[in-house]
Amino acid sequence: MKILGIETSCDETAAAVVTDAREVLSDLVLSQLDAHRLFGGVVPEIAARAHIDHLDRLIAESMAEAGLGFEALDGVAATAGPGLIGAVMVGLMTGKAIAAARGIPLIAVNHLEGHALSIRLVEELAFPYLLLLVSGGHCQLLAVLGVGRYRRLGTTIDDAVGEAFDKAAKLLGLGFPGGPALERAALTGNPVRFDLPRPLLGRPGADFSFSGLKTALRHRVEELVEELGEAAFEDPTRADLAASFQAAVGDVLIDRTRNALRMVEGLGSNALVVAGGVAANRYLRARLEGLSAERAVRLLLPPLKLCTDNAAMIAWAGIERLEAGLTDRLDVAPRARWPLDPDAEAPQGAGAPGRLGAKA
Ligand code: KG4
Ligand code: ZN
């Protein structure tokens, strides 16, 4: 079985061809980082237009690299949400057009399901397992029970963790995207010099919150600028701020994930899967390794290319859904919000309700 995957939910335009034998025949990702850098964040309208400019060519290249014509495809899987609505529409409409023209099944994939199942493209991992999804747009803990079967254990009540890294990096003058820059800056820093808050630490449940941490960091930076002037943005102070921030994030992630592991204990899961761009962070990986040893669970991290947004994971989710007999009609609608677990309660907290958006 060969499936074309299409991903356009945020600022990556991506196309890939994957087989049910776990072969990735092509896997192309075009990042729009340069288009958004000027604005210090992703601009929805620019993202949608950039997808329109590049998607057709990227799909053609992806098919050529796979050595296939469209007649060889068994289906088209396109991300149908959650995400920036204009951006999602571009990929979903393109997927529909190919499915209609070739008379092959369309699989409308939830982007989060793509992340949730991506590990199974590279590992023989049985259900159920716990997923920690940490990216610029998402911050969730999910029990992955089967294809199309998810229980959300926790989500962020305000910012996603990658977003928190990006905002903190901006505050420290480290540029965009901030996650990798902040990790680098923190390498030489003292993580206990600044005492920053750990939102929700020690509280029951597995929800996250990062806006209080971000605000505390901003206040600390303002105080330091008054005290030290521009030297606040020089090392060692900047490195110490970065390291203290990263340590606070690490404490929160570990505490919440530990609670979620307890919550899934009765389900017979003994694996923790971490996906999303923030999974690239070496410090956080080391902390999660510590937790997996403490709780005697297997820690699985998909290769980085599969962790960040890509179309191979969408194609793979399409294969899993097609094998389960789950396809979609051509009038399926794109969705800005689309929780994987429809029964999930809205998280309680200062940021809720109404501000959850795609992150929830
Ligand atoms: O999964 P991803 O590529 O895109 C989505 O947001 O869906 O994740 C990108 C996010 C950005 O917020 C970026 O700053 C963060 O992941 N990130 C990191 C690191 N590398 C990427 N955050 C912390 N440390 C890193 N090394
Ligand atoms: Zn993503």
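This structure is a prediction, so every number in the text was calculated from the model and none was measured.

### Notes on the sheet that holds strand β7 (residues 139–146)
Phase 1 of the analysis: Reading across the sheet, the 5 strands line up as β8-β7-β6-β9-β10 and stay open at both edges, with mixed pairing between neighbours. Of all the strands in the sheet, just β8 (149–155) and β10 (298–300) have a single pairing partner and so form its edges. Within the sheet, the average angular offset between the axes of one strand and its neighbour, ignoring direction, is 25 degrees.
Phase 2 of the analysis: Along the sheet, helix α9 (residues 237–263) contacts β6 (129–134), β7, β8 and β9 (271–275); its crossing angle with β6, the most-contacted strand, is approximately 155 degrees.

### Things to note about the domain arrangement of the protein
Many authors give the size of an interface as the accessible area that is lost as the parts come together.
Phase 1 of the analysis: When the domains of the protein are assigned, the result is domain 1 (2–119 + 306–323) and domain 2 (127–301).
Phase 2 of the analysis: Between domain 1 and domain 2, the C-alpha centre-to-centre distance is 27 Å.
Phase 3 of the analysis: Of the residues lining the interface, 18 residues belong to domain 1; the matching set on domain 2 comes to 21 residues.
Phase 4 of the analysis: Sorting the residues of domain 1 by area buried against domain 2 places Leu112, Ile119 and Cys307 first, and these three jointly supply 32% of that buried surface.
Phase 5 of the analysis: Between domain 1 and domain 2 we count 4 residue pairs in polar contact (both at pLDDT 80 or more) in total.
Phase 6 of the analysis: Within the residue set of the side of domain 1 that touches domain 2, elements represented by two or more residues are α1 (33–37), α4 (111–117) and α12 (312–323).
Phase 7 of the analysis: Per-element accounting of the side of domain 1 that touches domain 2 gives the leading share, 6 residues, to α4.

### Remarks on the coordination of the zinc ion (ligand 2)
Phase 1 of the analysis: Those donors, His111 (NE2), His115 (NE2) and Asp309 (OD), are the protein atoms that reach the zinc ion (ligand 2), and they lie 2.1 Å from it.
Phase 2 of the analysis: All donors to the zinc ion (ligand 2) come from one chain, and their sequence spacing reads H-x3-H-x193-D. Taken together, the residues span about one helical turn, with His111 and His115 both in helix α4 at a distance of 4 residues. An identical accessibility class is assigned to His111 and His115; each is buried.

### Focus on the pairing of β6
Phase 1 of the analysis: For β6, the tally of buried residues reaches 6 of 6 residues, placing the bulk of the element in the interior.
Phase 2 of the analysis: Here 6 bridges tie β6 to β7, and the two strands are oriented antiparallel to one another. Across the sheet, residue Leu131 finds its bridge partner in β7, namely Leu142.
Phase 3 of the analysis: Here β6 folds back onto β7, and the loop between the two strands holds 4 residues.
Phase 4 of the analysis: Here β6 pairs with β9 via 4 bridges, running parallel. Note on β9: the bridge partner recorded for Leu133 is Ala275.

### Some remarks on the site of ligand 1
Phase 1 of the analysis: If you check the shell around ligand 1, you find 16 residues, and the closest are Gly136, Asp166, Glu183, Gly277 and Asp309.
Phase 2 of the analysis: A distance of 3.1 Å is found between an oxygen atom of ligand 1 and a backbone nitrogen or oxygen belonging to Gly162.
Phase 3 of the analysis: In this structure, Gly179 approaches ligand 1 through a main-chain N or O atom, which is 3.0 Å from an oxygen atom.
Phase 4 of the analysis: Starting from 550 Å² of accessible surface for ligand 1 in isolation, the protein chains cover 88%.

### A word on the pattern of salt bridges
Phase 1 of the analysis: Under the definition given, this model contains 19 salt bridges.
Phase 2 of the analysis: Put simply, Glu124 and Arg22 hold a salt bridge, and the shortest N to O gap is 3.1 Å. Placement of the pair is Glu124 in the loop between α5 (119–122) and β6 and Arg22 in the loop between β2 (12–19) and β3 (24–31), with a sequence separation of 102 residues.
Phase 3 of the analysis: Of the charged contacts in the structure, one is a salt bridge between Asp331 and Arg329, with a shortest N-O distance of 2.5 Å. With respect to class, Asp331 is no different from Arg329; both count as exposed.

### Remarks on the state of the cysteines
Phase 1 of the analysis: This model, assessed by the stated rule, comprises 0 disulfides.
Phase 2 of the analysis: Cys10 carries a free sulfur, and the closest cysteine sulfur to it, the one in Cys139, is 15 Å from it.
Phase 3 of the analysis: Note on Cys139: no disulfide assigned, nearest cysteine sulfur contributed by Cys307 at a separation of 14 Å.

### Description of the packing of aromatic side chains
Phase 1 of the analysis: Using the criterion set out here, one finds 3 aromatic pairs in the structure.
Phase 2 of the analysis: Each ring, one from Phe127 and one from Tyr129, has its centre 5.9 Å from the other, and the planes form 15 degrees; the classification is stacked.
Phase 3 of the analysis: Residue Tyr129 is classed as buried on the basis of its relative accessible area of 1%.
Phase 4 of the analysis: A centroid spacing of 6.2 Å and a plane angle of 15 degrees characterise the contact between Phe208 and Phe210, whose relative ring orientation is stacked.
Phase 5 of the analysis: Its relative accessible area of 0% is what places Phe208 among the buried residues.

How each quantity is defined
Residues numbered from 1 in each chain as written. Chains lettered and ligands numbered in written order. Predicted model: local features only at pLDDT ≥ 70, side-chain atom pairs only at ≥ 80, totals over all residues. Heavy atoms only, no water. Pairing = 2+ DSSP bridges. Helix = DSSP H or I, 4+ residues; strand = E, 2+ residues; numbered from the N terminus. Axes fitted to C-alpha atoms, helices over the stretch in contact; angles between N-to-C directions. Contact = heavy atoms within 4.5 Å. Domains from an automatic or database assignment. Buried area = accessible area lost by both parts, 1.4 Å probe. Polar contact = N/O pair within 3.5 Å; in protein donor to acceptor, adjacent residues only side chain to side chain. Donors = N, O, S within 2.8 Å, 3.2 Å for Na, K, Ca; no water. Buried < 20%, exposed > 50% of the residue type's maximum accessible area, 1.4 Å probe, protein only. Near = heavy atom within 4 Å. Areas by Shrake-Rupley, 256 points an atom, 1.4 Å probe, with all protein chains shown as cover. Salt bridge = Lys/Arg side-chain N within 4 Å of Asp/Glu carboxyl O. Disulfide = S-S within 2.5 Å. Phe/Tyr/Trp six-rings, centres within 6.5 Å; stacked < 30°, edge-to-face > 60°.

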